[in-house]
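Chain residues, written in single-letter form:
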Amino acid sequence: MNAEITQWDRFLASFFDLAVMQKYLPNIVDGFLLTCHLAILIVISGLALGLILAVIRAYEFWLTSWLIVVFADVMRALPPLVFILLLYFGLPGVGLNLSGYAATYVTLTLVLAAFSEEIFRAGILATPKGQWEAARSTGLGFGQSLAYVIMPQAIRMTVPPLTNRTIAIAKNTALGTVVGVGEILNQATTGQSFSGNASPLVLGALAYLILFIPVVIFGRWVETRFAWRRT
Amino acid sequence: MSDSPILDVQGLRKSYGKLEVLKGVDLAVRERELVFIIGPSGSGKSTLLRCCNRLEESNGGAVIFDGTDITAKSTNINAVRQKIGMVFQSFNLYPHMSAEGNVALALRKVLKRPKAEALERARAALDRVGLSDKAENYPNQLSGGQQQRVAIARALALEPKMVLFDEPTSALDPELVGSVLEVMRDLRTAGMTMLVVSHEMRFAREAADRVVFMDEGHIVEEGPPEQVFGDPQMPRTRDFVSRIDH
Amino acid sequence: MEFILQNFFNWDIVTQAWPLLLRGFGMTLILMAAVIPVGCIGGLTVALLGQSRFRAVRWMTIIYVDFFRAFPPLVLLIFIYAGLPFAGIDLPAIVSVCLAFLLNSSAYYGEVFRAGIESVGTGQAEAARSTGLSGFQTTTYVVLPQAIRNVLPDLVSNTLEVAKLTSLASVVALPELLYSADMARSVTFNATPIVMAAVLYLVLLWPLVRLLSRIEHGSMSSR
Ligand SMILES: Nc1ncnc2c1ncn2[C@@H]1O[C@H](COP(=O)(O)OP(=O)(O)OP(=O)(O)O)[C@@H](O)[C@H]1O
Ligand SMILES: [Mg+2]
């Protein structure tokens with residue numbers, strides 16, 4: 001009985017040491033804010049770039065289409081961590097110094113752009129041909145038809161897969177820790193190794209739950225709200 | 001009726017790969033005329049219609065509309081399309097826009113009318129097809145017949161010189177067909193030039209100036225409805241008419 | 001140009017690092033072979049539990065799925081690898097890696113299978129039951145085959161993600177492909193080994209990406 005209590009105490013002391021938690025809370029909060037703004041930047045620029053690429057590809061010039069396909073394939077096939085390390089350790093060799101933050105930002109933006117380009121394109125292709133024909137038959141040009149008639153429908157169709165993909169890529173900001181970006185995970189592991197105690201890790205885990213549980217639930221809601229019409 | 005045709009199709013050819021769908025079609029439509037195209041499935045009726053506003057590129061021959069050859073590469077096709085309305089079998093309304101939004105889009109973006117004027121003209125067009133009270137409804141809040149009338153209003157709002165109809169009633173439940181035919185009847189009375197592909201033979205008999213029978217990429221026979229339906233000259237026409245007219 | 005070749009495509013370094021990277025590649029393949037099938041089975045189990053008659057069971061699967069989807073996989077891995085020793089549980093790196101990826105991928109596969117099962121109309125199950133099939137038989141022979149077909153693109157896409165996930169094992173010093181490449185990089189002070197790793201990943205995963213593009217476009221337009 002006694003032994004059990006000491007076990008339990010030891011467990012509490014290594015995972016929920018309030019003094020340690022208090023000490024490292026400010027760092028975790030800093031990490032939390034950094035994760036948030038890095039994720040927001042990535043989402044905005046990644047989706048914008050993906051949309052631009054999908055629109056360019058809709059014009060079906062063989063050269064641009066081919067380049068975009070190669071870009072999208074490479075960025076989807078490569079593990080993002082490989083690309084981060086490549087930018088972070090490779091570019092200085094050619095005289096370009098990228099911070100860990102910049103390497104993470106650039107990588108995840110390009111990954112999201114690649115995935116979202118494919119999703120937007122699938123949406124454009126899934127919009128019925130009759131919509132193009134109706135728009136063109138009233139004298140709208142190709143670009144106008146795309147902008148006013150096709151894209152609004154395509155984007156609506158792509159909301160659920162896009163939301164899920166965006167959430168998954170936002171979570172990958174944790175990869176930044178490998179190249180020294182002071183986001184949540186980085187703060188948590190630093191705290192853990194300085195204090196020799198697992199409590200900062202628990203704090204970090206809590207921070208991720210606070211940040212992403214609402215996001216995951218939001219994704220679930222979006223999925224039912226915009227459920228695709230199945231035949 | 002003036003004598004020079006507003007639409008003049010000359011020796012039109014169209015192939016999909018090896019399949020030759022139009023094998024040299026000649027057809028003239030005069031102003032204020034209602035011309036009906038009939039023929040078996042796959043005979044090239046839709047293809048012919050879609051070549052008339054270049055939704056389909058032809059492989060030979062010419063389509064002269066109002067003095068311009070629209071098959072010429074130099075033609076500004078978007079300007080021509082304002083003057084040729086088109087109504088589709090499956091309506092093709094934009095699902096993310098209200099009825100008046102559907103009608104106003106081209107007025108705003110092609111004719112560059114200010115929003116207020118575009119909406120006013122859109123409502124006038126909807127009024128013409130008897131839907132002034134549905135201007136703010138979205139396509140999924142309209143019946144099939146109402147949707148097709150919105151599509152007609154969308155074509156009319158640009159004040160076209162001619163309207164192409166590709167089976168405008170064949171996706172409709174029988175009880176909704178009448179409302180669309182009524183709009184087309186009104187258009188005819190108002191003097192609109194129309195080229196119609198349809199299986200509504202009773203309407204053709206009553207309203208068409210001319211009926212054109214197509215088969216296997218050729219125009220086999222054309223004439224007034226009484227003649228094509230009542231006394232067809234060609235065996236293939238006779239065969240087709242006898243099968244559909246009962 | 002010379003400069004770029006020197007830094008990213010240095011042939012001397014390629015020949016030096018090749019054996020090390022090949023061994024790492026082997027470990028990566030082993031990881032994928034372990035995690036993908038077990039993650040799939042775990043996900044299927046989660047999805048089937050999600051169809052349970054008991055509300056409590058259904059809720060527990062939802063909590064399980066959302067909990068592990070909320071953690072970035074790297075966080076889960078670090079927590080298991082660096083955190084559990086404090087509780088007296090000392091797992092070797094490879095076990096930590098497999099455990100973390102299983103928890104993560106079974107949650108994601110679970111979601112995919114759930115969507116698939118729900119896409120099959122109840123009429124199918126009713127028809128099967130009406131011919132005397134048991135609940136288990138109905139699921140195995142009627143519902144699941146259709147469910148899997150309906151979500152095939154998502155299954156392939158998820159598998160691609162799990163395959164890429166294995167690169168995270170490098171962070172806990174498991175000598176898989178990326179770890180070996182990074183070792184070679186830090187010894188040679190040259191990015192060529194990472195480029196080599198990238199090429200190996202591309203060779204392995206590019207066909208999967210192509211397959212995905214093909215079936216994804218088909219599936220969207222058929223809806
Ligand atoms: N995009 C296309 N690619 C290949 N073949 C086509 C295409 N569109 C039409 N066709 C073929 O061209 C032929 C004529 O088609 P069209 O649609 O003009 O026939 P139709 O007379 O309108 O028939 P229906 O009464 O069934 O509408 C058919 O054999 C059809 O299969
Ligand atoms: Mg047709």
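Look above for the structure.
Residues numbered from 1 in each chain as written. Chains lettered and ligands numbered in written order. Predicted model: local features only at pLDDT ≥ 70, side-chain atom pairs only at ≥ 80, totals over all residues. Heavy atoms only, no water.

Trainee: Requested: an account of the site of ligand 1, with residues and values cited.
Mentor: All names here are of chain B. By nearness alone, every residue bordering ligand 1 is listed as Tyr16, Leu19, Val21, Pro40, Ser41, Gly42, Ser43, Gly44, Lys45, Ser46, Thr47 and Glu167. The separation between an oxygen atom of ligand 1 and a polar side-chain atom of Ser41 is 2.6 Å. Protein coverage of the free-state accessible area of ligand 1, which is 640 Å², stands at 59%. Mapped onto the shell around ligand 1, the elements with two or more residues apiece are strand S2 (19-30) and helix H1 (45-51). For the shell around ligand 1, the element with the most residues is H1, which contributes three residues. When its residues are assigned to classes, the shell around ligand 1 shows four nonpolar, six polar and two charged. (Near = heavy atom within 4 Å. Polar contact = N/O pair within 3.5 Å; in protein donor to acceptor, adjacent residues only side chain to side chain. Areas by Shrake-Rupley, 256 points an atom, 1.4 Å probe, with all protein chains shown as cover. Helix = DSSP H or I, 4+ residues; strand = E, 2+ residues; numbered from the N terminus. Nonpolar A, V, L, I, M, F, W, Y, C, P; charged D, E, K, R; others polar.)

Trainee: With reference to specific residues and values, describe the interface of chain C and chain A.
Mentor: For an interface, size is often stated in terms of accessible area lost upon the parts coming together. Taken residue by residue, the interface counts 54 residues in chain C and 56 residues in chain A. A buried area of about 4,700 Å², summed over both sides, lies between chain C and chain A, and 72% of it is on carbon and sulfur atoms. Connecting chain C to chain A are four salt bridges. The residue Arg220(A) makes a salt bridge to Glu111(C) at a minimum N-O spacing of 3.4 Å. Counting across the interface, chain C meets chain A through 11 residue pairs in polar contact (both at pLDDT 80 or more). Elements with a minimum of two residues in the side of chain C that touches chain A: helix H1 (2-8), helix H3 (55-70), helix H4 (73-83), helix H5 (93-119), helix H8 (152-165), helix H9 (177-188) and helix H10 (192-222) of chain C. No other element matches the 16 residues that H10(C) contributes to the side of chain C that touches chain A. (Contact = heavy atoms within 4.5 Å. Buried area = accessible area lost by both parts, 1.4 Å probe. Salt bridge = Lys/Arg side-chain N within 4 Å of Asp/Glu carboxyl O.)

Trainee: Tell me about the sheet that holds strand S9 (residues 210-215) of chain B, and please be specific about residues and values.
Mentor: Residue and element names in this part refer to chain B. Taken in spatial order, the six strands line up as S6-S7-S8-S3-S9-S10 in an open sheet, and their pairing is mixed. Two strands in the sheet have a free side with no partner beyond their single neighbour: strand S6 (84-87) and strand S10 (218-223). Averaged over all pairs of adjacent strands, the angle between strand axes in this sheet comes to 20 degrees, irrespective of strand direction. As paired elements, strand S7 (residues 162-166) and strand S8 (residues 193-197) share five bridges and run parallel to each other. (Pairing = 2+ DSSP bridges. Axes fitted to C-alpha atoms, helices over the stretch in contact; angles between N-to-C directions.)

Trainee: Outline the environment of Ala173(C), listing residues and values.
Mentor: Mapped onto the elements, Ala173(C) comes out in the loop between H8 and H9. Along the primary structure Ala173(C) and Ile41(C) are separated by 132 residues, whereas in three dimensions their C-alpha atoms are 27 Å apart.

Trainee: Give me the nonpolar core: which residues, what numbers.
Mentor: Counting residues in hydrophobic clusters, the biggest one holds 106 residues, and the most contacted among them are Tyr208(A), Leu77(C), Val97(C), Phe101(C) and Leu168(C). Residues within four places of Phe101(C) in sequence aside, it is in contact with Val35(C), Leu77(C), Ser106(C), Leu165(C), Thr166(C), Leu168(C) and Ala169(C). Membership of the second largest hydrophobic core comes to 95 residues, among which are Leu107(B), Leu187(B), Met201(B) and Phe240(B). (Core = buried A, V, L, I, M, F, W, Y, C linked by side-chain atoms within 4.5 Å. Buried < 20%, exposed > 50% of the residue type's maximum accessible area, 1.4 Å probe, protein only.)

Trainee: An account of the pattern of salt bridges is needed here, citing residue identities and associated values.
Mentor: Summed over the entire model, instances satisfying the criterion amount to 32 salt bridges over all chains. When the shortest N-O distance is used, the salt bridge between Glu100(B) and Arg123(B) registers 2.8 Å. Placement of the pair is Glu100(B) in helix H3 (residues 99-109) and Arg123(B) in helix H4 (residues 115-128), with a sequence separation of 23 residues. Taking relative accessible area as the criterion, Glu100(B) reaches 9% and is therefore assigned buried. For Arg123(B), a relative accessible area of 38% corresponds to the partly exposed category. Look at the salt bridges and you will find they share partners, linking Arg57(A), Asp73(A), Arg76(A), Glu117(A), Glu118(A) and Arg210(C) into a network.

Trainee: Explain a nonpolar patch on the surface to me, using residue names and the numbers behind them.
Mentor: Residues and elements named next belong to chain A. Where nonpolar side chains cluster on the molecular surface, the patch consists of Trp62, Leu63, Trp66, Leu67 and Val70 and spans about 600 Å² of accessible area. Among the secondary structure elements, Trp62 is positioned in helix H3 (residues 62-77). Since its relative accessible area comes to 70%, Trp62 is described here as exposed. (Patch = residues over 30% accessible without salt bridge, like charges linked within 9 Å, V, L, I, M, F, W, Y side chains within 5 Å.)

Trainee: Can you tell me about helix H8 (residues 184-195) of chain A, naming the residues and giving the values?
Mentor: Working note: α-helix, 3.6 residues per turn, so residues spaced by three or four point in the same direction. With 12 residues, H8(A) extends 16 Å from end C-alpha to end C-alpha; this agrees with the ideal 16 Å at 1.5 Å per step. Among the residues of H8(A), Ile184(A), Leu185(A), Asn186(A), Gln187(A), Ala188(A), Thr189(A), Gly191(A) and Gln192(A) are the ones counted as buried. Packed against the buried residues of H8(A) are helix H2 (18-58) and helix H9 (199-225) of chain A together with H4 of chain C. Taking the backbone nitrogen of Leu185(A) as reference, a side-chain oxygen 3.1 Å away marks Glu183(A) as the first, capping residue of H8(A). (Expected span 1.5 Å × (residues − 1).)

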